[in-house]
Amino acid sequence: NLLNPGVILNTNPTVHRENLKPLPVAHGIVDTCMECGFCESACPSGHVTLTPRQRIVATRELSRLDASGTPDDQAKADEMRKIYDYVALDTCAADGMCAEKCPVNINTGRMVKELRAAKIPADSVEQKLADTASANFRMMMGSVPLLLNAVDQIHALVGTPVMKFGAGLVGPLVGLHWNPYLARGANALQPQHMVAEVAPHAEKKQVVYFATCVSRSMGPARGDVETASIHEKTMSVLAKAGYEVILPEGIENGCCGLIFDSRGLPKQGQEQAAKMEEMLMEASNGGEIPILCDTSPCLMRVKDGFKDQGLKKSLFDPTEFVAKFLLDRLEFTNKEESIAVHVPCSSKKMKIDKYFEQIAKACSEQVIMSPVPCCGMAGDRGLRYPEISGGGTASAVAAPPGAAMVLRDPSKGNTTTSWTEVKSSCSEGFSSSRTCEISLSSQTGTHFKSIMYLVDRCTKPKLENLA
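It should be emphasised that the depicted structure is a prediction, and the values quoted were computed from it without experimental measurement. (Residues numbered from 1 in each chain as written. Predicted model: local features only at pLDDT ≥ 70, side-chain atom pairs only at ≥ 80, totals over all residues. Heavy atoms only, no water.)

### A look at the nonpolar core
Counting residues in each nonpolar core, the largest one holds 57 residues, and the members touching the most others are Phe210, Leu238, Leu280, Phe321 and Leu326. Not counting residues within four places of it along the chain, the set of residues in contact with phenylalanine 210 comprises Ile251, Cys256, Met276, Leu280, Ile291, Leu292, Cys293, Asp294 and Val302. By size, the runner-up hydrophobic cluster in this structure holds 18 residues, among which are Cys33, Ala77, Leu89 and Val112. (Core = buried A, V, L, I, M, F, W, Y, C linked by side-chain atoms within 4.5 Å. Buried < 20%, exposed > 50% of the residue type's maximum accessible area, 1.4 Å probe, protein only. Contact = heavy atoms within 4.5 Å.)

Quick look at the structure:
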């Protein structure tokens, strides 16, 4: 071996076909995975149960054991299934951030959603309940603010320590775990009352406001300085900019379908998405009028699911809409010394995170950006499994030691610092997903809310645009 001194060459001519790592067929979405592990750094639940790579390995192993057919392998498969649902399916945020890190764009979250769906038979009680909820969505979501306000009133009556103790007993029974930053019920969505009169050269414009079911249901948490709901702040900003707001007819019964799809109920999710596409097509005159969606995960859902390409192009996240349409119609004043901003994983995937930083810098002297890929809330999954969104009294698995949240200061490059180091100087935190904001508030002890609160607080109509 003159070319490679010290290297032993194998005399077995078929060694290249032996001792290969088995990669059994498991699921079409993940069968091309080589288990490199690049995805693991983006997973919010890896410290609790499994990373995306480990979910794929576990799914492949179950497939191999089932295909084997031997009594021993079947016994192993049965034993694995006792914990598989929890570690592989229930605690997956299914946000798809793993695909952003994957060299071949494998979305383990999508596989998890399909496996959840496969576990719910078409004639099951769960399917029938989902059909009822979808058909009566307005009634179901209308009850959410009432329930949230009732919980908030109990919290106000008994205090946080007693509420924590009681919620720790009740949470495991009902499958939802309370935390002190749980939202109160939102105020009812109302049509726009007034619009700033604009000068002839600054024509009055129109926008369709897609107020999501989350923003229609959830207001600020107890203890927050804000009391208005997200849609009220959004309406205020648009009015100051001289925009006439169009609410889609029947929006109270509208939903993007994500609430169903994430639970393994794609049929109901697609039904809701189709209804919403029809609503927005009519309200926006086929996509001619821009559409503002106040919740980033819902925006990504409809951009991925809608069929009409023109309609997709007319949909905007709050920060993108402000950056593209409102900067020349509003006067920004720096009213905050230091704020924290978390970009939801959906906004990162849509490549619009730059607008968060742009708008935040227009409203604050110092902006601390969170580089956390995903907060782990995943809709209400963080309330059902609080261990994946920072732990809690009901969590059986502790979050890793260290800072609950690491932040990046754009003015200092890519340097990072712990939340405890900047908490005293950061007055508030902002994002664009109400459920994510609950998780972030719980992790940091600082109220996070929609970035539209910040924009409303720090803007006024430009004088030259006023009539």
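### Regarding the environment of alanine 122
Within the secondary structure, alanine 122 is located in the loop between α4 (108–118) and α5 (125–135). Once the C-alpha coordinates of alanine 122 and lysine 267 are considered, the two residues, 145 residues apart in sequence, prove to be 9.9 Å apart. (Helix = DSSP H or I, 4+ residues; strand = E, 2+ residues; numbered from the N terminus.)

### Let's talk about the pattern of salt bridges
According to the stated counting rule, one finds 27 salt bridges in the structure shown. Among the ionic pairs, arginine 110 bridges to aspartate 261, the shortest N-O distance being 3.2 Å. One end of the pair, arginine 110, is in helix α4; the other, aspartate 261, is in helix α10 (residues 258–261), with 151 residues separating them in the sequence. Beyond isolated ion pairs, a larger network of salt bridges with shared partners links Asp224, Glu226, Lys233, Lys240, Glu336, Glu428, Lys449, Asp456 and Arg457. (Salt bridge = Lys/Arg side-chain N within 4 Å of Asp/Glu carboxyl O.)

### Considering the packing of aromatic side chains
Tallied over the entire structure, the rule returns 6 aromatic pairs. Between the aromatic rings of tyrosine 86 and tyrosine 385, the centroid separation amounts to 6.1 Å while the plane-to-plane angle is 55°, which identifies the pairing as tilted. On the criterion of sequence distance, the pair formed by tyrosine 86 in helix α2 (residues 71–90) and tyrosine 385 in the loop between α17 (381–384) and β10 (406–408) is long-range, its members being 299 residues apart. We classify tyrosine 86 as partly exposed; its relative accessible area is 29%. An aromatic cluster is defined as three or more aromatic residues linked by ring pairs; in this entry it consists of Tyr243, Phe316, Phe321 and Phe325. (Phe/Tyr/Trp six-rings, centres within 6.5 Å; stacked < 30°, edge-to-face > 60°.)

### A look at the sheet that holds strand β6 (residues 315–316)
Overall, parallel pairing links the 4 strands, which are arranged β4-β2-β5-β6 in an open sheet. Taken across any chain shown, the strands that pair with only one partner, and hence form the sheet edges, are β4 (243–246) and β6. The sheet contact formed by strand β5 (residues 291–293) and β6 spans 2 bridges and is parallel. In the sheet register, isoleucine 291 faces β6, and the bridge partner there is leucine 315. Where helix α11 (residues 266–283) meets the sheet, it contacts β2 (205–210), β4, β5 and β6, and its direction lies at approximately 170° from that of β2. (Pairing = 2+ DSSP bridges. Axes fitted to C-alpha atoms, helices over the stretch in contact; angles between N-to-C directions.)

### What about the confidence of the model for the protein?
Mean pLDDT over the protein: 87, with 90% of residues reaching 70 or higher. Counting interchain partners and residues more than four positions distant, the pLDDT-below-50 stretch residues 391–410 has 56 contacts. (pLDDT = per-residue confidence, 0-100.)

### Here's the deal with the side chain of histidine 27
Here histidine 27 lies in the segment before α1 (52–68). Looking at histidine 27, the relative accessible area reads 14%, which means it is buried. In contact with histidine 27, not counting residues within four places along its chain, are Met111, Glu114 and Leu115.

### Considerations on α2
The first and last C-alpha atoms of α2 sit 28 Å apart over 20 residues, in line with the 28 Å expected at 1.5 Å per residue. Along α2, the helix axis deviates most sharply at tyrosine 84, where the bend reaches about 55°. Taken together, the buried positions of α2 are Asp73, Ala77, Tyr84, Val87, Ala88 and Leu89. (Expected span 1.5 Å × (residues − 1). Bend = angle between axes of the 7 residues up to and from the residue.)

### Quick look at empty space enclosed by the protein
With the rule as written, the count across this model stands at 3 cavities of 30 Å³ or more. Of the pockets and cavities examined, the largest cavity occupies roughly 80 Å³. Lining the largest cavity we find 14 residues, and of these Cys43, Pro52, Cys92, Asp95 and Cys98 sit closest to its centre. When its residues are assigned to classes, the lining of the largest cavity shows 9 nonpolar, 3 polar and 2 charged. Computed from the structure, the second largest cavity encloses a volume of approximately 50 Å³. Taken together, Leu148, Val151, Asp152, His155, Trp178, Pro180, Leu182, Ala183 and Arg222 make up the full set of residues lining the second largest cavity. Of the residues forming the lining of the second largest cavity, the biggest block, 4 residues, is contributed by helix α6 (residues 137–158). (1 Å grid on protein atoms, 1.4 Å probe; cavity = no way out; pocket = protein on both sides within 12 Å on 5 of 7 lines; lining within 4 Å. Points joined across faces, edges and corners; volume = space filled by probe spheres on them. Nonpolar A, V, L, I, M, F, W, Y, C, P; charged D, E, K, R; others polar.)

### Remarks on the environment of glutamate 278
Structurally, the position occupied by glutamate 278 is in helix α11. Overall, the relative accessible area of 60% leaves glutamate 278 in the exposed class. Placed 30 residues apart in sequence, glutamate 278 and proline 248 show a C-alpha to C-alpha distance of 9.7 Å.

### A closer look at the side chain of lysine 312
Mapped onto the elements, lysine 312 comes out in helix α13 (residues 309–313). Here lysine 312 sits buried without a salt bridge, and the closest side chain of opposite charge, aspartate 304, lies 6.5 Å off (N-O distance). Residue contacts for lysine 312: discarding those within four places in its chain leaves Lys303, Asp304, Phe306 and Lys307. (Lys, Arg positive; Asp, Glu negative; His and termini not counted.)

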